[in-house]
Amino acid sequence: MKYVDEFRDPELINRAAEQIRRLADPNRHYRLMEVCGGHTHAIYRFGLKDILPENIELIHGPGCPVCVLPMGRIDDALAVAQDPDVIFAAFGDMMRVPGTHGSPLEHKARGMDVRIVYSPTDAIKLAKMNPAKHVMFFAIGFETTAPSTALTLKRAKAEGIHNFSVFCNHVTIIPAIRAILDSPDMRLDGFIGPGHVSTVIGCRPYEWIAKNEHKPIVVCGFEPLDLLQSIVMLLKQLQNDEAKVENQYKRVVPWEGNRAALKAMAETFQLRPYFEWRGLGFISQSALRIRDEYAEWDSEQRFHVPGIRVTDPKAAQCGEVLKGVLKPSQCKLFGKECTPENPVGALMVSSEGSCAAYFNYEHRKANLVASIGVSV
Amino acid sequence: MSSATKIGVSAPKIRFREPQIEMAHGAGGKASRRLVEGLFAPLFFGASAEPLSDAAQLKINGARLAVTTDSFVVKPLVFPGGSIGELAINGTVNDLAVSGAKPQAIVVTFILEAGLRTDVLQAEIEAMAKAAQEAGVRIAGGDTKVVEHGKADSMYITTTGLGAPLPGVEINPQSVCPGDKILLSGPIGDHGITILLARGELDMEGDLRSDTRCVFPMVNAVVEAAGPGIRWMRDPTRGGVATSLNELARDCGLGVVLFEDSVPIHDAVRGACELLGLDPLHIANEGQFLAVVAPELADAALKALKQTPGGDEARIIGEIREQPVGSVLVTTLYGGSRIIDMLVGDPLPRIC
Amino acid sequence: MSTSGETGSQDGGCHMCLAIPGKIVEIAPDNPNSALVDVVGMRRRVDLGLLVEDPPAPGDWVLIHVGFAMSKISEADAADQMRTLEMLGECEAAVQEVRGYGLEEIEEKQSPSSA
């Protein structure tokens, strides 16, 4: 696969890992945060922690849109979808996320019309195919996905598709990063910057992290070599006491971002004054709602939405894990009441959630001995 | 749940606590295992703690017999490379084959939906007759029921197969040892992805066909080349190779190490999985099998497999080690690794 | 055992960040915003609406995310990156090797201003 396989070349990976070992100061413990859930997933999928030196710690950030979605929002959408004329459509990741009375999948087992889609345009197709029903697309995601939802809203309006609406939970990445840096318990050396969000917003929005917080940030791709190269770049900056924004993912990310995408978003969305993030509390100007010009396609305007607020069980420490303050294994429910099969919090459901990743990787590899012959 | 107490034995321990059946319980992964081990096994098999296998080995009046049953629920009924009828025959024949038995006869049950067109049914019966002939099995009988329109999704097929255990083959996960090699007969994921595309719900198409076929000739080749060294076999259907290997790891109490770069996979399957965020190791196959073979006989087994028609893409994809106990570890060429679990949930509905 | 199921695969990957490179095979004749893209033999219909300012042509590679093309992939930048990766550690290695020749000793012996 072009643009994929060459970035998974084992020989080059070994070289990059070797370079990292040479650059890393043995007297220093590096704490690097990878903000984006896709990076969390890639690190585990490619087993990259196996080839990094012990003194480089990768901390998972809050860039998992499933993980930061408060349970109340799922409850709200499912309440709307109780209406037999409503079809609940969402991406696969959402299907097993627990609401108070069960996940969308469990609701489907009890008779709710729940469909998986792989694109917001699939949801519009569903609406066209089911004229007697209303398709509610449960939209989540950061700025990577928001433009696609934006274009879909524009299409729905242009084509006059009235049995379709979007339940919008899009959030923005910068406030999340700010919340991390504002957190008193945080101690980070640098950031592995979100790759695909940056194809939309570009690299400029991260400049304050370098200038004001004096932390280096490298916008990073998703293949093993991308991650390793970004770590090399971060180590070099730290070695030279620098703090700047660098673009490792140049082949895909334009420094100025995608103007057409930002335009589409500006036309269909506006910032909510505040929005609740699971584990992080209310953050102002951090989420998108649909503009009044598109009110007819906004589920929250078309339907009566109960506005359910659910507090996480006291014992669940999703917030601290999200902020990287606690390791998943340090949460009291981890591995006991909360497992990938019986998740209490969203960090255990989503494959990008730190807890799920940690459970499948570190927790179960705890018995590993040198006999497996993993070369480092 | 106390029928067992009536016959004077202690009540079987029912461990299945879920209040209702969900789709996941039929997906072939963790939930399915919970249902079978927690509800069916205690009530059907009592205190016997034998690991569950693809086929049961019975002894009746001194004669040894392998028997298996399976049901097929597929949408769409017909897809590139096959149809539900073919799956039904091959699926059961393969279960017998990987239990170390030569398939002999099959009985078939149909649950048909009122309104099903006769020509559609006829096409399936023809497909089944052809598949049975190719597999060298007799269709010995069957039953048919019809339910109201809307209650059966066109047709459900259940097959029960009987086979004669091959001499010298002793399938037993307890006999698996560190150092044993894991063989795979061919590329993974073709069936599951073909079905997904055939549904037409995705804006995606590719040149893929289901890999449904009778694997007995290949199994037989391996048995002839390495019979005494075969410890375990399985056909990785729903839940994929990862689920089967997790079952192996659990049943033998050792570690299964899989070399990711050795697993054969067609480009189109890889592309589809990357596009959809699916792991090919969890996708169903209908014409492949896994075998654990003693290291001294593994090369001979692989050679025999490769020389059998259809076995040319067979590979050794991993080995058994002491660690990680009860789990499957996937390793890469550069020393990275990850644990892969059996399927949780079900990415692909109604595929076999 | 049988039956069907619904999705929620634990290994379902991040649909939120999941993006894959694909090659534009053809632009739909009736819709310039729709293209057929090839990903190693898998063909998918992709929306080009986000690339209106610099539309791709057949043969171009794009990054696909939830059915939309997000960005054109720059062959030049990719090649550049591969070169950097191939050189990783090479400069270091060269320096180490030269040090091994003991050349610094010779430099020290020579007086800087020998005129």
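These figures come from a predicted structure and were not determined experimentally. (Residues numbered from 1 in each chain as written. Chains lettered and ligands numbered in written order. Predicted model: local features only at pLDDT ≥ 70, side-chain atom pairs only at ≥ 80, totals over all residues.)

Q: Any chance you could explain the overall build of chain A here in plain terms?
A: Across its full length, chain A carries 15 helices and 13 strands. Taking 2.2 N^0.38 as the reference for a compact globule, 376 residues should give roughly 21 Å; the C-alpha atoms of chain A span a radius of gyration of 21 Å, in line with that estimate. Summarising its shape, the C-alpha atoms of chain A cover approximately 65 × 45 × 45 Å along the three principal directions. Every one of the 376 residues in chain A was classed for burial, and the buried ones make up 58%. Across chain A, contacts joining residues at least 24 apart in sequence account for 76% of those joining residues at least 6 apart. (Helix = DSSP H or I, 4+ residues; strand = E, 2+ residues; numbered from the N terminus. Rg over C-alpha atoms; globule rule 2.2 N^0.38 Å. Buried ≥ 20, exposed ≤ 12 C-beta atoms within 10 Å, placed from the backbone. Contact = placed C-beta atoms within 7 Å.)

Q: I keep staring at the sheet that holds strand 8 (residues 217–219) of chain A and nothing clicks. Help me out?
A: Within a beta sheet, neighbouring strands are joined by backbone hydrogen bonds and run either parallel or antiparallel to one another. All names here are of chain A. What the 5 strands build is an open sheet, ordered 2-1-7-8-9; its pairing is parallel. Of all strands in the sheet, those with a lone pairing partner are strand 2 (56–63) and strand 9 (245–247), marking the two edges. Adjacent strand axes in the sheet meet at a mean angle of 20 degrees when their direction is disregarded. Contacts from helix 7 (residues 173–182) reach strand 1 (30–36) and strand 2 within the one sheet, and its direction differs from that of strand 2 by about 130 degrees. (Pairing = 2+ DSSP bridges. Axes fitted to C-alpha atoms, helices over the stretch in contact; angles between N-to-C directions.)

Q: Any chance you could explain the pairing of strand 1 (residues 56–60) of chain B here in plain terms?
A: Where burial is concerned, little of strand 1 of chain B is hidden: 0 out of the 5 residues are buried. In this antiparallel pair of consecutive strands, strand 1 of chain B and strand 2 (residues 63–72) of chain B, the connection spans 2 residues, and Asn-61 of chain B shows a positive phi of 50 degrees.

Q: In this structure, what is going on with the interface of chain A and chain C? I would like to understand it.
A: It is common to report an interface's size as the accessible area lost on association of the parts. Taken together, the 51 residues of chain A in the interface contact 41 residues of chain C. Sorting the residues of the side of chain A that touches chain C by element identifies helix 1 (10–23), helix 2 (37–45), helix 4 (104–109), helix 5 (120–129), helix 6 (146–159), helix 8 (196–201), helix 10 (224–239) and helix 11 (259–268) of chain A as the ones contributing at least two each. When residues of the side of chain A that touches chain C are assigned to their parent elements, the largest contribution, 6 residues, is made by helix 1 of chain A. Along the lines of polarity and charge, the residues of the side of chain A that touches chain C split into 23 nonpolar, 16 polar and 12 charged. (Nonpolar A, V, L, I, M, F, W, Y, C, P; charged D, E, K, R; others polar.)

Q: For this particular structure, what's the right way to read the domain arrangement of chain A?
A: Residue and element names in this part refer to chain A. Under the domain assignment, chain A is made up of domain 1 (5–64 + 184–247), domain 2 (71–172 + 257–302) and domain 3 (318–360). Of note, the centres of domain 2 and domain 3, computed from C-alpha atoms alone, are 25 Å apart. With 7 residues of domain 2 at the contact, the number on the domain 3 side is 8 residues. Taken together, the residues of the side of domain 2 that touches domain 3 sort by class into 3 nonpolar, 1 polar and 3 charged. (Domains from an automatic or database assignment.)

Q: When you look at the nonpolar core in this model, what are you seeing that I'm missing?
A: One recurring pattern in soluble globular proteins: nonpolar side chains tend to sit buried together. Counting 252 residues, the largest nonpolar core has Ala-89, Met-136 and Phe-138 of chain A together with Leu-183, Val-222 and Ala-301 of chain B as its most contacted members. In this structure Phe-138 of chain A touches Ala-77, Phe-88, Ala-89, Ala-90, Met-94 and Phe-167 of chain A, once residues within four positions along its chain are discounted. (Core = buried A, V, L, I, M, F, W, Y, C linked by C-beta atoms within 7 Å.)

Q: Which parts of the structure should I look at to understand the sheet that holds strand 5 (residues 101–113) of chain B?
A: Residues and elements named next belong to chain B. Read from one edge of the open sheet, 5 strands run 1-2-7-5-6, paired in mixed fashion. The open sheet terminates on both sides in strands that have one partner only, identified here as strand 1 and strand 6 (138–147). Strand-to-strand twist across the sheet, computed as the mean angle between neighbouring axes with direction ignored, equals 20 degrees. As judged from the 5 bridges shared by strand 1 and strand 2, these two strands associate in the antiparallel manner. Following the sheet pairing, Lys-59 is matched in strand 2 by Arg-64. Of the strands in this sheet, strand 2, strand 5 and strand 7 (155–165) are in contact with helix 3 (residues 84–98), which crosses strand 7 at around 30 degrees.

Q: Would you mind showing me how to read helix 2 (residues 30–45) of chain B here?
A: Residues three or four positions apart in an α-helix share a direction because the helix packs 3.6 residues into each turn. Residue and element names in this part refer to chain B. Maximal helix bending in helix 2 amounts to about 30 degrees, located at Val-36. Those residues of helix 2 not exposed but buried are Lys-30, Ala-31, Ser-32, Arg-33 and Ala-41. Two residues or fewer after helix 2 comes Gly-46, characterised by a positive phi angle close to 65 degrees. (Bend = angle between axes of the 7 residues up to and from the residue.)

Q: Sorry, what's going on with the domain arrangement of chain B here?
A: Looking at chain B, the domain boundaries give domain 1 (16–45), domain 2 (57–165) and domain 3 (173–340). Taking only C-alpha atoms into account, the centre of domain 1 of chain B sits 23 Å from that of domain 2 of chain B.

Q: Mind showing me how you'd approach unusual backbone geometry here?
A: Leave glycine aside and you will find that most residues have negative phi; peptide bonds, for their part, are mostly trans. Residue Lys-75 of chain B is joined to Pro-76 of chain B through a cis peptide bond whose omega torsion reads 5 degrees. With an omega dihedral of -5 degrees, the bond running from Gln-323 of chain B to Pro-324 of chain B counts as a cis peptide bond. Inspection of the secondary structure assignment puts Pro-324 of chain B in the loop between strand 13 (315–321) and strand 14 (328–331). You will see that Ser-154 of chain B, though not glycine, has its phi angle at about 75 degrees, which is positive. Among the structural elements, Ser-154 of chain B can be located in the loop between strand 6 and strand 7. Taking the C-beta count within 10 Å as the criterion, Ser-154 of chain B has 19 such neighbours and is therefore assigned partly exposed. Non-glycine residue Val-66 of chain C carries a positive phi angle of around 40 degrees. Structurally, the position occupied by Val-66 of chain C is in the loop between strand 4 (61–65) and strand 5 (68–72).

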